[in-house]
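Remarks on the overall topology
The residues making up each chain are set out below.
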Amino acid sequence: MSRETTLSRRRLRTWIRLLRITRSTENRLREFLRVNFDTTLPRFDVAAALYRNAGPMKMSDLSQRLLVSNGNATAVVDRLERDALVRRVPSGDDRRVVLVGLTDKGRAWFETLAAAHEQEVNAIFAGLDHDDLDTIRDLMRRLEDTGDD
(Lines give C-alpha, C1' and ligand atoms only; values in the text may rest on other atoms or scores of the structure.)
Protein backbone atom coordinates (compact mmCIF):
# COMPACT_ATOMS: atom_id res chain seq x y z
CA MET A 1 0.00 0.00 0.00
CA SER A 2 1.39 3.39 -1.01
CA ARG A 3 1.85 6.25 1.42
CA GLU A 4 -0.78 8.28 -0.48
CA THR A 5 -3.34 5.44 -0.21
CA THR A 6 -2.66 5.20 3.49
CA LEU A 7 -3.18 8.96 3.86
CA SER A 8 -6.37 8.74 1.83
CA ARG A 9 -7.73 6.00 4.08
CA ARG A 10 -6.75 7.91 7.22
CA ARG A 11 -8.63 10.92 5.89
CA LEU A 12 -11.66 8.75 5.25
CA ARG A 13 -11.51 7.28 8.77
CA THR A 14 -11.15 10.81 10.17
CA TRP A 15 -14.26 11.92 8.29
CA ILE A 16 -16.21 8.94 9.62
CA ARG A 17 -15.06 9.68 13.17
CA LEU A 18 -16.01 13.38 12.84
CA LEU A 19 -19.43 12.37 11.54
CA ARG A 20 -19.92 9.87 14.38
CA ILE A 21 -18.95 12.46 17.02
CA THR A 22 -21.20 15.08 15.44
CA ARG A 23 -24.19 12.75 15.29
CA SER A 24 -23.63 11.50 18.81
CA THR A 25 -23.36 15.04 20.19
CA GLU A 26 -26.41 16.17 18.25
CA ASN A 27 -28.42 13.18 19.49
CA ARG A 28 -27.43 13.93 23.07
CA LEU A 29 -28.55 17.55 22.67
CA ARG A 30 -31.82 16.48 21.03
CA GLU A 31 -32.55 14.17 23.95
CA PHE A 32 -31.53 16.84 26.47
CA LEU A 33 -33.94 19.38 24.95
CA ARG A 34 -36.74 16.82 24.65
CA VAL A 35 -36.46 15.51 28.21
CA ASN A 36 -35.73 18.77 30.01
CA PHE A 37 -37.70 21.29 27.96
CA ASP A 38 -40.18 19.28 25.88
CA THR A 39 -38.82 20.87 22.71
CA THR A 40 -36.79 19.94 19.66
CA LEU A 41 -33.43 20.90 18.26
CA PRO A 42 -35.00 22.50 15.14
CA ARG A 43 -37.18 24.71 17.39
CA PHE A 44 -34.06 25.68 19.34
CA ASP A 45 -32.14 26.41 16.12
CA VAL A 46 -34.92 28.63 14.71
CA ALA A 47 -35.22 30.52 18.00
CA ALA A 48 -31.42 30.94 18.15
CA ALA A 49 -31.31 32.43 14.66
CA LEU A 50 -34.17 34.81 15.45
CA TYR A 51 -32.61 35.75 18.79
CA ARG A 52 -29.28 36.64 17.16
CA ASN A 53 -30.99 38.80 14.56
CA ALA A 54 -31.55 42.44 15.53
CA GLY A 55 -35.24 42.29 14.58
CA PRO A 56 -37.72 40.24 12.58
CA MET A 57 -36.29 38.55 9.51
CA LYS A 58 -37.55 37.22 6.20
CA MET A 59 -38.43 33.54 6.17
CA SER A 60 -36.10 33.06 3.20
CA ASP A 61 -33.21 34.56 5.18
CA LEU A 62 -34.06 32.36 8.16
CA SER A 63 -34.04 29.18 6.07
CA GLN A 64 -30.76 30.22 4.41
CA ARG A 65 -29.14 30.88 7.77
CA LEU A 66 -30.28 27.46 9.04
CA LEU A 67 -29.34 25.68 5.79
CA VAL A 68 -32.83 24.17 5.51
CA SER A 69 -35.63 24.46 2.98
CA ASN A 70 -38.24 27.19 3.26
CA GLY A 71 -40.80 24.45 3.91
CA ASN A 72 -38.87 23.06 6.87
CA ALA A 73 -38.39 26.52 8.38
CA THR A 74 -42.07 27.33 7.84
CA ALA A 75 -43.20 24.15 9.60
CA VAL A 76 -41.08 24.93 12.66
CA VAL A 77 -42.17 28.58 12.69
CA ASP A 78 -45.83 27.47 12.46
CA ARG A 79 -45.45 25.42 15.65
CA LEU A 80 -43.55 28.19 17.44
CA GLU A 81 -46.25 30.66 16.43
CA ARG A 82 -48.99 28.37 17.81
CA ASP A 83 -47.10 28.44 21.12
CA ALA A 84 -46.91 32.27 20.97
CA LEU A 85 -43.09 32.15 20.85
CA VAL A 86 -42.78 33.85 17.46
CA ARG A 87 -44.86 36.36 15.55
CA ARG A 88 -45.23 36.87 11.82
CA VAL A 89 -45.51 40.45 10.61
CA PRO A 90 -45.98 41.77 7.08
CA SER A 91 -43.05 43.62 5.58
CA GLY A 92 -43.66 47.33 5.11
CA ASP A 93 -41.69 47.27 1.86
CA ASP A 94 -43.24 44.29 0.08
CA ARG A 95 -46.68 42.85 0.80
CA ARG A 96 -45.53 39.43 -0.44
CA VAL A 97 -42.81 39.24 2.23
CA VAL A 98 -43.57 38.08 5.75
CA LEU A 99 -41.12 38.71 8.56
CA VAL A 100 -40.82 36.53 11.63
CA GLY A 101 -39.45 37.41 15.04
CA LEU A 102 -39.49 36.22 18.62
CA THR A 103 -42.20 37.46 20.95
CA ASP A 104 -41.25 38.59 24.44
CA LYS A 105 -42.37 35.17 25.65
CA GLY A 106 -40.23 33.54 22.95
CA ARG A 107 -37.19 35.61 23.86
CA ALA A 108 -37.49 34.65 27.55
CA TRP A 109 -38.07 30.99 26.59
CA PHE A 110 -35.00 30.98 24.37
CA GLU A 111 -32.79 32.63 26.99
CA THR A 112 -33.67 29.84 29.43
CA LEU A 113 -32.99 27.18 26.79
CA ALA A 114 -29.74 28.80 25.65
CA ALA A 115 -28.30 28.87 29.16
CA ALA A 116 -29.14 25.20 29.73
CA HIS A 117 -27.89 24.28 26.23
CA GLU A 118 -24.56 25.99 26.93
CA GLN A 119 -24.19 24.04 30.19
CA GLU A 120 -24.93 20.77 28.40
CA VAL A 121 -22.42 21.51 25.62
CA ASN A 122 -19.90 22.43 28.29
CA ALA A 123 -20.48 19.05 29.95
CA ILE A 124 -20.11 17.22 26.64
CA PHE A 125 -16.76 18.92 25.94
CA ALA A 126 -15.57 18.93 29.57
CA GLY A 127 -12.53 16.81 28.67
CA LEU A 128 -11.12 19.56 26.44
CA ASP A 129 -9.04 22.45 27.76
CA HIS A 130 -8.21 25.79 26.08
CA ASP A 131 -5.27 24.34 24.14
CA ASP A 132 -7.38 21.42 22.88
CA LEU A 133 -10.12 23.77 21.74
CA ASP A 134 -7.60 26.05 20.02
CA THR A 135 -6.17 23.06 18.16
CA ILE A 136 -9.60 21.88 17.04
CA ARG A 137 -10.55 25.41 15.97
CA ASP A 138 -7.35 25.79 13.96
CA LEU A 139 -7.80 22.43 12.26
CA MET A 140 -11.41 23.19 11.38
CA ARG A 141 -10.35 26.53 9.89
CA ARG A 142 -7.80 24.69 7.74
CA LEU A 143 -10.51 22.29 6.59
CA GLU A 144 -12.81 25.21 5.74
CA ASP A 145 -10.05 26.89 3.77
CA THR A 146 -9.31 23.75 1.73
CA GLY A 147 -13.02 23.38 0.98
CA ASP A 148 -12.97 26.68 -0.93
CA ASP A 149 -10.76 25.31 -3.69
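Scoring rules and cut-offs
Residues numbered from 1 in each chain as written. Predicted model: local features only at pLDDT ≥ 70, side-chain atom pairs only at ≥ 80, totals over all residues. Heavy atoms only, no water. Helix = DSSP H or I, 4+ residues; strand = E, 2+ residues; numbered from the N terminus. Rg over C-alpha atoms; globule rule 2.2 N^0.38 Å. Contact = heavy atoms within 4.5 Å. Areas by Shrake-Rupley, 256 points an atom, 1.4 Å probe, with all protein chains shown as cover. Lys, Arg positive; Asp, Glu negative; His and termini not counted. Charge placed at Lys NZ, Arg CZ, Asp CG, Glu CD. Patch = residues over 30% accessible without salt bridge, like charges linked within 9 Å, V, L, I, M, F, W, Y side chains within 5 Å. Salt bridge = Lys/Arg side-chain N within 4 Å of Asp/Glu carboxyl O. Buried < 20%, exposed > 50% of the residue type's maximum accessible area, 1.4 Å probe, protein only. Pairing = 2+ DSSP bridges. Axes fitted to C-alpha atoms, helices over the stretch in contact; angles between N-to-C directions. Core = buried A, V, L, I, M, F, W, Y, C linked by side-chain atoms within 4.5 Å. Phe/Tyr/Trp six-rings, centres within 6.5 Å; stacked < 30°, edge-to-face > 60°.

Next up on the list: the overall build of the chain. Looking only at helices and strands, the chain features six helices and three strands. Starting at the N terminus and ending at the C terminus, the chain contains elements arranged as α-α-β-α-α-β-β-α-α. The C-alpha atoms of the chain give a radius of gyration of 19 Å, which is well past the 15 Å a tight globule of 149 residues would have. Principal axes of the C-alpha set define a box for the chain whose edges measure 65 × 35 × 25 Å. Of the contacts formed within the chain by residues at least 6 apart in sequence, a portion of 49% connects residues at least 24 apart. Looking at the chain as shown, the accessible area adds up to about 11,000 Å², and 50% of this sits on carbon and sulfur atoms. Charged side chains in the chain number 26 positive and 24 negative. The centres of these two groups are separated by 5 Å.

Next up on the list: a positive patch on the surface. Taken together, the side chains of Arg3, Arg9, Arg10, Arg13, Arg17 and Arg20 present a region of like positive charge at the surface. Within the fold, Arg13 resides in helix α1 (residues 3-37). Judged by relative accessible area, Arg13 falls into the exposed class, the value being 52%.

Turning to the sheet that holds strand β3 (residues 98-102), a few remarks are in order. Here we have three strands laid out as an open sheet, ordered β1-β3-β2, and antiparallel in their pairing. Edge positions in the sheet fall to β1 (57-58) and β2 (86-90), since each of these pairs with one other strand and no more. When β1 meets β3, the two strands line up antiparallel, connected through two bridges. The residue bridging Met57 from the neighbouring strand is Val100, located in β3. Of the strands in this sheet, β1, β2 and β3 touch helix α2 (residues 41-52), which is tilted by about 95° from β3. With respect to the sheet, helix α4 (residues 70-82) is in contact with β2 and β3, its orientation differing from that of β2 by roughly 110°.

To continue, consider a nonpolar patch on the surface. On the surface, Leu12, Trp15, Ile16, Leu18 and Leu143 cluster together into a nonpolar patch covering about 500 Å² of accessible area. Considering each element in turn, the nonpolar patch owes the most residues, four residues, to α1. Within the secondary structure layout, Ile16 lies in helix α1. What makes Ile16 partly exposed here is its relative accessible area of 39%.

A general trend in soluble globular proteins is that nonpolar side chains are found buried together. Judged by nonpolar contacts, the single largest core of 24 residues is most densely connected at Leu50 and Leu62. Going through the elements one at a time, α1, α2, α3 (59-66), α4, β3 and α5 (104-124) are the ones with two or more residues in this core. The greatest single-element share of this core, amounting to seven residues, is contributed by α2. Non-local contacts of Leu62, meaning those with residues more than four positions away in its chain, are made with Val46, Ala49, Leu50, Met57, Val77 and Val100.

Here the structure, examined in full by the defined rule, presents three aromatic pairs. On the numbers, 6.0 Å between centres and 65° between planes, the contact of Phe32 with Phe37 is edge-to-face. Residue class for Phe37 comes out partly exposed when judged on its relative accessible area of 27%. Plain terms: the ring middles of Phe44 and Phe110 are 5.3 Å apart, the flat faces sit at 40° to each other, and that makes the pair tilted. Remark: Phe110 occurs in helix α5 and Phe44 occurs in helix α2; sequence separation between them is 66 residues. Each member of the pair, Phe44 as well as Phe110, carries the same accessibility label: buried. Clustering of aromatic rings is evident, with ring pairs tying together Phe44, Tyr51 and Phe110.

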